[in-house]
Amino acid sequence: MDKDRGDGRRHGEDAYERQQRLEVLLHELRTSLTTIRGWAELPLQGLSDDPELMVRALRRIQDEADHMHQAVQQVFPRADTSWVRPLDAEPVDLRDVADEAVADLGLLDPERPIARENSGRPTLVADNRMLRHAIRNLLGNALRHTPAGSPVTVAVRGPVAGSGGRPQVELSVSDQGPGMSPHDIARLTSPRSEDRRIELGGGLGLSIVRRVVERHGGEVSVHSAPDRGTTVTVAFPTVSVSSGN
């Protein structure tokens, strides 16, 4: 009897794990397909006479196609691979990541005022692709949950002194929307738990942000109040993440 109950629990966990993977895959594919569509429509808007813009568009389309391929490989891995791929660490300028995310979403919501603020030289060693998609999820969440035309500010700064005085770089997304619920704030900022599962549904983008930040040894903080907007800040150590932090 105990063995049957144990087998049933394992079967339930396996089914939930498969559901998690499919939810993540669908979320990532939707995000990449929307970005590809935005860049692919540039020639239809009469902008094909700008060679530099066209090269940038083709590179973004290729990069998103590569990301879609990797997402599928992670959800349906070979027998000798893991769902969570190793970090592909390289030097990254957080300003470039922010600029690219703003450019992507600016194509999807061209009427939205998105301001950029920079301070210092915020460089770190990180997985560029993973970092970029986390920031885009964070910015996309701000656009989805605020009124049309409401301004959003993306600020990058660093290095600054973090907890314990260690240097870190930070990226903040601030909006003037209705604010976040205590449940959403807790989901973003609660301590890591080995058996914690990705929450499905509307908060999946925020869960992806949190997991990427944690894998880089970083932290997420949220400041929000009803009808006064929300600021979400992700902070990363400036040291290498190749050791597995």
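Here is what the cut-offs are and how they apply
Residues numbered from 1 in each chain as written. Predicted model: local features only at pLDDT ≥ 70, side-chain atom pairs only at ≥ 80, totals over all residues. Heavy atoms only, no water. Helix = DSSP H or I, 4+ residues; strand = E, 2+ residues; numbered from the N terminus. Buried < 20%, exposed > 50% of the residue type's maximum accessible area, 1.4 Å probe, protein only. Contact = heavy atoms within 4.5 Å. Areas by Shrake-Rupley, 256 points an atom, 1.4 Å probe, with all protein chains shown as cover. Axes fitted to C-alpha atoms, helices over the stretch in contact; angles between N-to-C directions. Parallel < 35°, antiparallel > 145°, perpendicular 65-115°, else oblique. Left-handed = near helix turned anticlockwise from the far one by under 90°. Pairing = 2+ DSSP bridges. Core = buried A, V, L, I, M, F, W, Y, C linked by side-chain atoms within 4.5 Å. Expected span 1.5 Å × (residues − 1). Polar contact = N/O pair within 3.5 Å; in protein donor to acceptor, adjacent residues only side chain to side chain.

Novice: Just to check I follow, could you spell out the overall build of the protein for this structure?
Specialist: A tally of regular secondary structure across the protein gives 6 helices and 7 strands. The secondary structure elements of the protein, listed N-terminal to C-terminal, are α-α-β-α-β-β-α-β-β-α-α-β-β. For the protein, buried positions account for 40% of its 245 residues. When contacts within the protein are restricted to residue pairs at least 6 apart in sequence, those whose partners lie at least 24 apart make up 72%. Entry remark: accessible area of the protein is about 13,300 Å², with carbon and sulfur atoms responsible for 52%.

Novice: Looking at this structure, how should I read the packing of helix α3 (residues 94–108) against helix α4 (residues 128–144)?
Specialist: Describing two packed helices takes the angle between their axes plus the distance from one axis to the other. Interhelical geometry of α3 versus α4 gives an angle of 50° and a closest axis separation of 9 Å. It follows that α3 is oblique to α4 by the angle criterion. The two elements α3 and α4 cross, and the hand of that crossing is right-handed. Residues L94, V97, E100, A101, V102, D104 and L105 of α3 form the contact with α4, whose participating residues are N128, L131, R132, I135, R136, L139, G140 and L143.

Novice: Quick question: what am I supposed to make of the sheet that holds strand β5 (residues 167–175) here?
Specialist: Think of a sheet as strands paired side by side through backbone hydrogen bonds, with each pair either parallel or antiparallel. Within the open sheet, the 5 strands sit side by side as β2-β4-β5-β7-β6. Their pairing is mixed. What marks the edges here is a single partner per strand, and that holds for β2 (114–120) and β6 (219–224). Geometrically, the sheet is characterised by an average inter-axis angle of 15° between neighbouring strands, direction not taken into account. By the bridge criterion, 8 bridges tie strand β4 (residues 152–161) to β5 in an arrangement that is antiparallel. Residue A161 lies in a different strand from β5, and its bridge partner there is P167. Helix-sheet contacts for α4 involve β4, β5 and β7 (230–237), and the interaxial angle to β5 is about 30°.

Novice: I keep staring at the environment of I36 and nothing clicks. Help me out?
Specialist: Locating I36 in the fold gives a position in helix α1 (residues 2–40). Distance from I36 to I61, taken between C-alpha atoms, is 5.2 Å for residues 25 residues apart in sequence. In contact with I36, other than residues within four places in its own chain, are I61, E64, A65 and M68.

Novice: What should I look at first to understand the nonpolar core in this one?
Specialist: Generally speaking, soluble globular proteins have nonpolar side chains that are buried together. With 31 residues, the main nonpolar core has L171 and V234 as its most contacted residues. For this core, the elements supplying multiple residues, two or more each, are α3, β3 (123–127), α4, β4, β5, α6 (204–215), β6 and β7. Once residues within four sequence positions are removed from consideration, V234 is found in contact with I135, L138, V169, E170, L171, V209, V213, E219 and V220.

Novice: I keep staring at the side chain of S150 and nothing clicks. Help me out?
Specialist: Looking at the secondary structure, you find S150 in the loop between α4 and β4. Among the residues examined, S150 registers a relative accessible area of 9% and is labelled buried. In this view, S150 contacts R112, P113 and Q176; residues no more than four positions away in its chain are not counted.

Novice: How do you make sense of the pairing of β4 when you look at a structure like this?
Specialist: A regular strand places its side chains so that they alternate between the two faces of the sheet. When β2 meets β4, the two strands line up parallel, connected through 7 bridges. Of the residues in β4, the one forming a bridge with G120 is G158. Here β4 folds back onto β5 in antiparallel fashion, the turn holding 5 residues, of which G164 has a positive phi close to 75°.

Novice: Whenever I open this one, α4 confuses me. Can you help?
Specialist: An α-helical turn contains 3.6 residues, so any two residues separated by three or four positions project in the same direction. An ideal rise of 1.5 Å per residue puts 24 Å on 17 residues; α4 measures up with 24 Å between its terminal C-alpha atoms. Counted residue by residue, α4 has 15 buried out of 17 residues, so it is predominantly covered. A distance of 3.3 Å separates the backbone nitrogen of R129 from a side-chain oxygen at the start of α4, and that oxygen is part of D127.

Novice: So what exactly am I meant to see when it comes to the side chain of D93 here?
Specialist: For D93, the position within the fold is in strand β1 (residues 89–93). In contact with D93, not counting residues within four places along its chain, are P122 and T123.

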